[in-house]
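Residue-level listing of the chains:
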Amino acid sequence: MAPMKNCRICKTPFEPRSWNVGKYCSIPCRGIALRDRAGTLEHRLRTKYKRRPDGCLEWSGLLDTGGYGVIKIINKSTKVHRVMWERKHGPIPPGVKCLHHCDNRKCGDVAHLFLGSQTDNIHDMVSKNRHAHGETNHHAKLTEEQVREIRRIHQPNILGQRFNGTHPCSTSGLAQRFGISPKTIRQIIERRKWKHVP
């Protein structure tokens with residue numbers, strides 16, 4: 001027989017069972033504890049959010065590795081902006097993302113949030129120019145200055161003078177000089193790559 005424990009809610013002695021993990025004497029007491037946790041959630045949300053001058057309601061609590069505010073609810077970490085949306089509008093359907101108009105990952109102001117797919121999220125990111133492109137892309141082999149130089153000195157269909165079999169201003173010559181493929185040089189010249197560089 002397991003040792004008796006006192007209920008955390010009503011203080012009645014009881015024998016622990018697997019469903020109550022030795023904390024509550026009955027299902028009603030467990031329900032009271034869960035409601036109290038919800039009240040604690042309201043308190044945590046109220047105390048951890050601060051209004052910024054730009055209008056964002058910014059989370060000052062724990063952040064995940066992506067910079068989103070997180071809160072533990074019944075031993076599960078949940079993104080706080082999703083909690084805020086669900087409190088106002090109800091459950092978010094599976095596979096649907098809760099996105100920010102304001103692009104502030106810590107913001108929990110429901111007026112700054114909207115629901116959408118991952119595709120909507122990507123389109124929003126590209127339309128606001130927040131994606132890695134040009135030199136900010138960690139795979140970039142060129143700088144913007146080199147791209148401008150390629151466009152400035154490129155001479156298509158060079159005839160006559162040869163430099164080790166390839167003219168230095170031809171597509172192939174530029175590819176050798178900058179350590180990239182001739183196809184990439186053509187895409188730069190035709191502005192299919194590095195479009196943002198004049």
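Refer to the preceding data block for the structure.
As the structure is a prediction and not an experimental result, all values here were calculated from the model.

Caption draft 1: Summary view of the side chain of His81. Note on placement: His81 falls in helix α2 (residues 80-89). One polar contact links the side chain of His81 to the main-chain carbonyl oxygen of Cys98, over a distance of 3.3 Å. Aside from chain neighbours lying at most four places away, what touches His81 is Tyr49, Tyr68, Cys98, His100, Cys107, Gly108 and Leu113.

Caption draft 2: Up close: the state of the cysteines. Following the criterion strictly, the structure yields 0 disulfides and no others. With no disulfide of its own, Cys98 lies closest to Cys107 among cysteine sulfurs, the gap being 10.0 Å. Between Cys102, a free cysteine, and Cys56, which holds the nearest cysteine sulfur, the sulfur-to-sulfur gap is 3.7 Å.

Caption draft 3: Structural context of unusual backbone geometry. Although it is not a glycine, Asp103 sits at a positive phi angle of roughly 60 degrees. Its place among the elements puts Asp103 in the loop between β7 (97-100) and β8 (113-116). With a relative accessible area of 32%, Asp103 lands in the partly exposed category.

Caption draft 4: Spotlight on helix α6 (residues 182-189). Within the span of α6, buried status applies to Thr184, Ile185, Gln187 and Ile188. End-on, the buried residues of α6 take up no more than an arc of 165 degrees, which puts them together on one face. Turning to α6, the residues buried within the fold contact α4 (144-153) and α5 (171-178). Just past α6, the residue Arg191 takes up positive phi, approximately 60 degrees.

Caption draft 5: Fine view of the pattern of salt bridges. If you walk through the whole model with that rule in mind, you get 9 salt bridges. The salt bridge partner of Lys128 is Asp103, with a shortest N-O separation of 3.3 Å. In this pair, Lys128 is assigned in the loop between α3 (118-127) and α4 and Asp103 in the loop between β7 and β8, connecting sequence segments 25 residues apart. Overall, the relative accessible area of 32% leaves Lys128 in the partly exposed class. The shortest N-O distance in the salt bridge between Arg177 and Glu149 comes to 2.4 Å. One end of the pair, Arg177, is in helix α5; the other, Glu149, is in helix α4, with 28 residues separating them in the sequence. Since its relative accessible area comes to 49%, Arg177 is described here as partly exposed. Put simply, Arg52, Asp54 and Glu58 are held in one network by salt bridges that share partners.

Each value, and the rule that gives it
- Residues numbered from 1 in each chain as written.
- Predicted model: local features only at pLDDT ≥ 70, side-chain atom pairs only at ≥ 80, totals over all residues.
- Heavy atoms only, no water.
- Helix = DSSP H or I, 4+ residues; strand = E, 2+ residues; numbered from the N terminus.
- Polar contact = N/O pair within 3.5 Å; in protein donor to acceptor, adjacent residues only side chain to side chain.
- Contact = heavy atoms within 4.5 Å.
- Disulfide = S-S within 2.5 Å.
- Buried < 20%, exposed > 50% of the residue type's maximum accessible area, 1.4 Å probe, protein only.
- Arc of directions from axis to C-beta.
- Salt bridge = Lys/Arg side-chain N within 4 Å of Asp/Glu carboxyl O.

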